[in-house]
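Read off the chains here:
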Amino acid sequence: MAKQLPDVGSGGAVPPPRRERIVLADITRRDTRSERTRAELAQQTQVGEALVRGLVRAQLALALRLSLVVAIGLGGLPWLFAIAPSLGRTTVAGVNLPWLLLGVASFPFLIAVGWAYVRLAERNEQDFTDLVQRPEQ
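Residues numbered from 1 in each chain as written. Predicted model: local features only at pLDDT ≥ 70, side-chain atom pairs only at ≥ 80, totals over all residues. Heavy atoms only, no water.

## What about the overall build of the protein chain?
Quick note on the threshold: Numbering of helices and strands runs from the N terminus, with a helix taken as a DSSP run of H or I at least four residues long and a strand as a DSSP run of E at least two residues long. Buried, partly exposed and exposed residues are distinguished by accessible area as a fraction of the type maximum, computed with a 1.4 Å probe on protein chains only: under 20%, between the cut-offs, and over 50%, respectively. Only heavy atoms matter for contacts: two residues are in contact if any of them lie within 4.5 Å across the pair. The Shrake-Rupley method, run with a 1.4 Å probe sphere, supplies the accessible areas, and residue values consider only the shown protein chains as cover.
When you go through the protein chain residue by residue, the secondary structure sums to 4 helices and 2 strands. Starting at the N terminus, the α and β elements of the protein chain follow one another as α-α-α-β-β-α. Residue burial in the protein chain is summarised as follows: out of 137 residues, 13% are buried. Within the protein chain, contacts between residues separated by at least 24 positions form 68% of all contacts whose residues are at least 6 apart in sequence. Carbon and sulfur atoms form 61% of the exposed surface of the protein chain, whose accessible area is close to 11600 Å².

Have a look at this one:
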């Protein structure tokens, strides 16, 4: 089928076809600082290594602090019972208090410390990610 052309000789002007703008991709100004930082991390430059070393130090400091809490919390119980022997002879529901504290109460304590570690470690990682992706100020 052939397309029929309008009759130009009849005095009517043919309007030009409407132009449409087609945008394939929006070009945005990229943040060169965050890209540079990510590239330094990926290429393991000295700056990238320093950033990662800072994250590792923060995670190590967190682990040491919480292990100190566990050592004092659980390791201090034998000292407490040695200093106050009458406390060690106390019974609750027919079970000695040291057995209850070390055998039962220690597990919720360790779970709470583990939960705190995961939460704080994720916060450290989020702070690191925010530092890497932070726009230049």
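## Some words on the side chain of Ser 106
Structurally, Ser 106 can be placed in helix 4 (residues 97-133). Here Ser 106 falls in the buried class, since its relative accessible area comes to 6%. With residues up to four places along the chain from it excluded, the contact list for Ser 106 reads Leu 74 and Leu 101.

## Quick word on the side chain of Gln 59
Turning to its location among the elements, Gln 59 is positioned in helix 2 (residues 46-83). Under the relative-accessibility criterion, Gln 59 is labelled buried at 15%. Those residues in contact with Gln 59 that lie beyond four places of it in its chain are Tyr 117, Ala 121, Asn 124 and Glu 125.

## A word on helix 4
Put simply, the rule reads: To estimate how far a helix should reach, multiply one less than its number of residues by 1.5 Å. Note on bend: at a given residue it equals the angle between the axes fitted to the 7 residues ending there and to the 7 starting there.
For helix 4, which comprises 37 residues, the first-to-last C-alpha distance of 52 Å matches the rise-based estimate of 54 Å (1.5 Å per residue) to within 8%. If you look at helix 4, its biggest bend is around 45°, right at Ala 105, and the proline Pro 108 turns up within four residues after that. Where helix 4 is concerned, the buried positions are Leu 97, Pro 98, Ser 106, Val 113, Ala 121, Phe 128 and Val 132.

## Here's the deal with the environment of Trp 99
Within the secondary structure, Trp 99 sits in helix 4. In sequence terms Trp 99 and Gly 88 are 11 residues apart; their C-alpha atoms lie 9.2 Å from each other.

## Quick notes on the environment of Val 70
Among the secondary structure elements, Val 70 is positioned in helix 2. Between the C-alpha atoms of Val 70 and Phe 109, which are 39 residues apart in sequence, the distance is 8.4 Å. If near-sequence neighbours (up to four positions away) are discounted, Val 70 is found in contact with Gly 75, Phe 109, Leu 110 and Val 113.

## Considerations on the environment of Leu 102
With respect to the element layout, Leu 102 can be found in helix 4. The class for Leu 102 is partly exposed, based on a relative accessible area of 41%. Measuring from C-alpha to C-alpha, the distance between Leu 102 and Leu 77 comes to 8.0 Å, with 25 residues separating the pair along the chain. With sequence-adjacent residues up to four places away left out, Leu 102 is seen in contact with Leu 74 and Leu 77.

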